[in-house]
Amino acid sequence: MLQPGVADWPKDVQIESLAAYEPRALASLGLWCSDEWAVKAYGIQLKSVPVGAPLIEPEIVDAARQHVVGLLPQTEVEGAFYKTGFAILHQGAMANWLLFQWWTHTDVWCQFLSYSDVNDPEAFGVTQRPIRACVYETAVIWHEQLAWIRHVLNGSPDRQAYLSDVKRSATC
């Protein structure tokens with residue numbers, strides 16, 4: 001049983017500011033490769049996108065890809081990795097969030113979280129904020145966790161099968 005008052009929202013929480021969940025557009029941004037690295041890339045978009053238009057502007061996607069490639073040497077600090085991972089570029093209201101995640105130590109994923117301001121969308125920088133992911137991004141993370149289990153932690157690791165297993169839903 002909960003303590004009295006615990007079930008209620010704290011006094012300073014403005015629950016009317018909690019927005020209702022609305023699905024966002026999701027698409028694969030392809031495979032980003034560098035040296036022996038392979039990173040499955042995804043895009044998530046807050047705004048409606050006209051039919052035939054790219055989910056996220058190509059210049060922002062390219063800047064995100066270059067930023068991830070620039071982070072690759074830093075992954076060596078953790079070690080025991082497979083040069084295999086995924087990235088999520090999420091164009092939100094106040095920033096473009098970029099989650100670069102890679103697999104290490106058999107069943108562990110590591111992450112660098114970067115962002116760019118909407119006023120300078122191609123200038124990504126790593127953040128030290130305690131943010132990890134939003135509900136939209138966790139849909140991709142969940143898919144990637146299951147794909148790693150299905151194709152790598154199955155007793156017969158198959159990198160190509162993992163890299164081919166891309167979340168296909170048009171929304172998250």
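Above this text you will find the structure in question.
Residues numbered from 1 in each chain as written. Predicted model: local features only at pLDDT ≥ 70, side-chain atom pairs only at ≥ 80, totals over all residues. Heavy atoms only, no water.

**As for the overall build of the chain**
Right, on to step 1. For the chain, the count of helices and strands is 3 helices and 6 strands.
Right, on to step 2. Listing each helix as α and each strand as β along the chain from the N terminus yields β-β-α-β-β-β-β-α-α.
Right, on to step 3. Each principal axis of the C-alpha atoms in the chain carries an extent, and together these give about 55 × 45 × 30 Å.
Right, on to step 4. Across the 172 residues of the chain, 39% fall into the buried class.
Right, on to step 5. Looking at the chain alone, contacts between residues at least 24 apart form 58% of all its contacts between residues at least 6 apart.
Right, on to step 6. Surface summary for the chain: the accessible area is close to 10200 Å², and the carbon and sulfur share equals 55%. (Helix = DSSP H or I, 4+ residues; strand = E, 2+ residues; numbered from the N terminus. Buried < 20%, exposed > 50% of the residue type's maximum accessible area, 1.4 Å probe, protein only. Contact = heavy atoms within 4.5 Å. Areas by Shrake-Rupley, 256 points an atom, 1.4 Å probe, with all protein chains shown as cover.)

**Here we look at the sheet that holds strand β6 (residues 125–126)**
Right, on to step 1. Sheet architecture is open: 6 strands sit in the order β1-β2-β3-β4-β5-β6, paired in mixed fashion. Across the chains shown, the open sheet's two edge strands, defined by having one partner strand only, are β1 (25–34) and β6.
Right, on to step 2. In the packing of helix α2 (residues 135–151) onto the sheet, the strands contacted are β1, β2 (37–45), β3 (81–91), β4 (95–104) and β5 (108–117), and the crossing angle to β3 comes to about 160 degrees. (Pairing = 2+ DSSP bridges. Axes fitted to C-alpha atoms, helices over the stretch in contact; angles between N-to-C directions.)

**Remarks on the pattern of salt bridges**
Right, on to step 1. In the structure shown here, the tally under the stated rule is 4 salt bridges.
Right, on to step 2. The salt bridge involving K40 is made with E144; its shortest N-O contact spans 2.9 Å. Of this pair, K40 sits in strand β2 while E144 sits in helix α2; the two residues are 104 residues apart in sequence, bridging distant segments of the chain. Note on accessibility: K40 and E144 belong to one class, buried.
Right, on to step 3. D62 serves as the salt-bridge partner of R65, at 2.9 Å between the closest nitrogen and oxygen. Taken together, the positions of R65 and D62, both in helix α1 (residues 58–71) and 3 residues apart, correspond to about one turn of that helix. (Salt bridge = Lys/Arg side-chain N within 4 Å of Asp/Glu carboxyl O.)

This is a description of form; function is not addressed.
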